[in-house]
Amino acid sequence: MKKLVVLTGAGMSAESGISTFRDSGGLWEKYKVEEVATPEGFEANPGLVLDFYNQRRKQLYTCQPNEGHLGLAALEKDFEVYIITQNVDNLHERASSTNVLHLHGELTKACPVGDPYTVYDIPPGKDLQLGDTDPQGRQLRPFIVWFGEAVPMIEPAIRQIADADIFVIIGTSLNVYPAAGLLGYARRGQPIFLIDPQEVHTCRTDIHFIRALASEGVRQLTRLLKEYR
Ligand code: OAD
């Protein structure tokens, strides 16, 4: 089977009711990035940051995978599909995609401050609070890659894209590095599809744009991919 690698961003989950970041009305209009998505913000006001992610986790439990997530999972019948997501939700997994790499962490997980390699599940319905510690007594924080922090999963993501037969990008403004730089690892001649309702500026001219929301875009993509099976 051909290897299909898909990079997703916030637009992938927009139709599930999860806000994007940079669209009008997006999360970064309502919150200050430096207050809720940096290690300095957490140090200055950990309660605010824990509350921000507790709210987002609560909201996630009210959301369902959309037709786009389900369509990508269905492509596993015909392709070896690898999802690389910038999203911290678990909607790809809940849609039954089997290979999902999270570049920016996961809302349903926690790690001790200073140790992003030890990861714990947050039980459904439970908030993360100041004073919640791991068995070694270390304060737990959201397992989210904040601005200014290393992105440990970037190397495996680069390897998957360099090794792909087909590369697809869905619902990302390609504003945030290193994720945005992943496009540069797609080989020349490798078919590249980009699904987004808005124009997305890239440095490449070999991209097939599908100007649509994720659900409709994945339907069109599925039809187009028939010739590559
Ligand atoms: P952005 O909010 O920057 O971009 C969202 C993209 O999704 C835009 O290009 C929209 O046009 C598109 N979009 C909106 N609705 C859509 C829909 N229904 N279907 C398809 N596309 C749609 O989000 P990201 O690029 O994912 O990181 O942002 C990257 C990172 O910046 C995030 O992972 C997050 C954020 O700060 C951290 O918090 C560390």
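Novice: Any chance you could explain helix α5 (residues 46-60) here in plain terms?
Specialist: Helical geometry: 3.6 residues make up each α-helical turn, so side chains three or four residues apart lie on a common side. For α5, with 15 residues, the first-to-last C-alpha span of 21 Å sits near the 21 Å given by 1.5 Å per residue. Check the buried side of α5 and you find it contacts α2 (27-30), α3 (33-36), α4 (39-44), α7 (91-94), β4 (105-112) and β6 (140-144).

Novice: Explain the sheet that holds strand β7 (residues 166-170) to me, please; I cannot follow it from the model alone.
Specialist: The strands that make up a sheet pair up through hydrogen bonds in the backbone, lying either parallel or antiparallel. As summarised here, the arrangement of the six strands in space is β3-β2-β1-β7-β8-β9, forming an open sheet in which the pairing is parallel. One side of each edge strand has no neighbouring strand; the edge strands of this open sheet are β3 (100-102) and β9 (207-210). When strand polarity is set aside, the average angle formed by the axes of neighbouring strands in this sheet is 20 degrees. Along the sheet face, helix α9 (residues 214-224) touches β7, β8 (192-195) and β9 and points at about 155 degrees away from the line of β8.

Novice: Help me understand the domain arrangement of the protein chain, please; the structure alone is not making it clear to me.
Specialist: Interfaces are frequently sized by the accessible area removed from exposure as the parts join. With domains assigned, the protein chain is organised as domain 1 (1-17 + 65-104 + 150-229) and domain 2 (19-62 + 115-144). With 14 residues of domain 1 at the interface, the matching set in domain 2 holds 10 residues. Buried surface at the junction of domain 1 and domain 2, both sides included, amounts to about 880 Å², of which 63% is carbon and sulfur. Sorting the residues of domain 1 by area buried against domain 2 places Ala10, Gly17 and Val88 first, and these three jointly supply 36% of that buried surface. Linking domain 1 to domain 2 there are zero salt bridges. Remark: the boundary between domain 1 and domain 2 carries two residue pairs in polar contact (both at pLDDT 80 or more). Going through the elements one at a time, α1 (11-14) and α7 are the ones with two or more residues in the side of domain 1 that touches domain 2. Residue classes in the side of domain 1 that touches domain 2 are distributed as six nonpolar, six polar and two charged.

Novice: Can you help me understand the nonpolar core in this one?
Specialist: Proteins that are soluble and globular tend to have nonpolar side chains buried together. Grouped together as the largest cluster of nonpolar side chains are 24 residues, with contacts concentrated most on Leu7, Ile84, Leu103, Phe167 and Leu182. Those elements that provide at least two residues to this core are β1 (3-8), β2 (80-85), α8 (154-162), β7 and β8. If one sorts the elements of this core by residue count, α8 sits on top with four residues. Among residues more than four places away in sequence, those in contact with isoleucine 84 are Val5, Val6, Leu7, Thr8, Leu101, Leu103, Ala157, Gln160, Ile161 and Leu182.

Novice: What's the story with the packing of aromatic side chains in this structure? I'm lost.
Specialist: Here a ring pair, both rings aromatic, is described through the centre-centre distance and the interplanar angle of the planes. The tally for this structure, following the rule as stated, stands at seven aromatic pairs. Measuring from centroid to centroid gives 5.4 Å for phenylalanine 42 and tryptophan 146, while their planes differ by 40 degrees, and the two rings are tilted. Placement of the pair is phenylalanine 42 in helix α4 and tryptophan 146 in the loop between β6 and α8, with a sequence separation of 104 residues. Note on accessibility: phenylalanine 42 and tryptophan 146 belong to one class, buried. When the ring of phenylalanine 52 is compared with that of tyrosine 53, the centres are 4.8 Å apart and the planes differ by 85 degrees; the resulting orientation is edge-to-face. The ring of tyrosine 82 carries lysine 3 above its face, with NZ or CZ at 4.6 Å from the centroid. Across from the ring centre of tryptophan 146, 3.8 Å away, lies the NZ or CZ of arginine 141, which sits over that ring.

Here is what the cut-offs are and how they apply
- Residues numbered from 1 in each chain as written.
- Predicted model: local features only at pLDDT ≥ 70, side-chain atom pairs only at ≥ 80, totals over all residues.
- Heavy atoms only, no water.
- Helix = DSSP H or I, 4+ residues; strand = E, 2+ residues; numbered from the N terminus.
- Expected span 1.5 Å × (residues − 1).
- Contact = heavy atoms within 4.5 Å.
- Pairing = 2+ DSSP bridges.
- Axes fitted to C-alpha atoms, helices over the stretch in contact; angles between N-to-C directions.
- Domains from an automatic or database assignment.
- Buried area = accessible area lost by both parts, 1.4 Å probe.
- Salt bridge = Lys/Arg side-chain N within 4 Å of Asp/Glu carboxyl O.
- Polar contact = N/O pair within 3.5 Å; in protein donor to acceptor, adjacent residues only side chain to side chain.
- Nonpolar A, V, L, I, M, F, W, Y, C, P; charged D, E, K, R; others polar.
- Core = buried A, V, L, I, M, F, W, Y, C linked by side-chain atoms within 4.5 Å.
- Buried < 20%, exposed > 50% of the residue type's maximum accessible area, 1.4 Å probe, protein only.
- Phe/Tyr/Trp six-rings, centres within 6.5 Å; stacked < 30°, edge-to-face > 60°.
- Lys NZ or Arg CZ within 6 Å of the ring centre and 35° of its normal.

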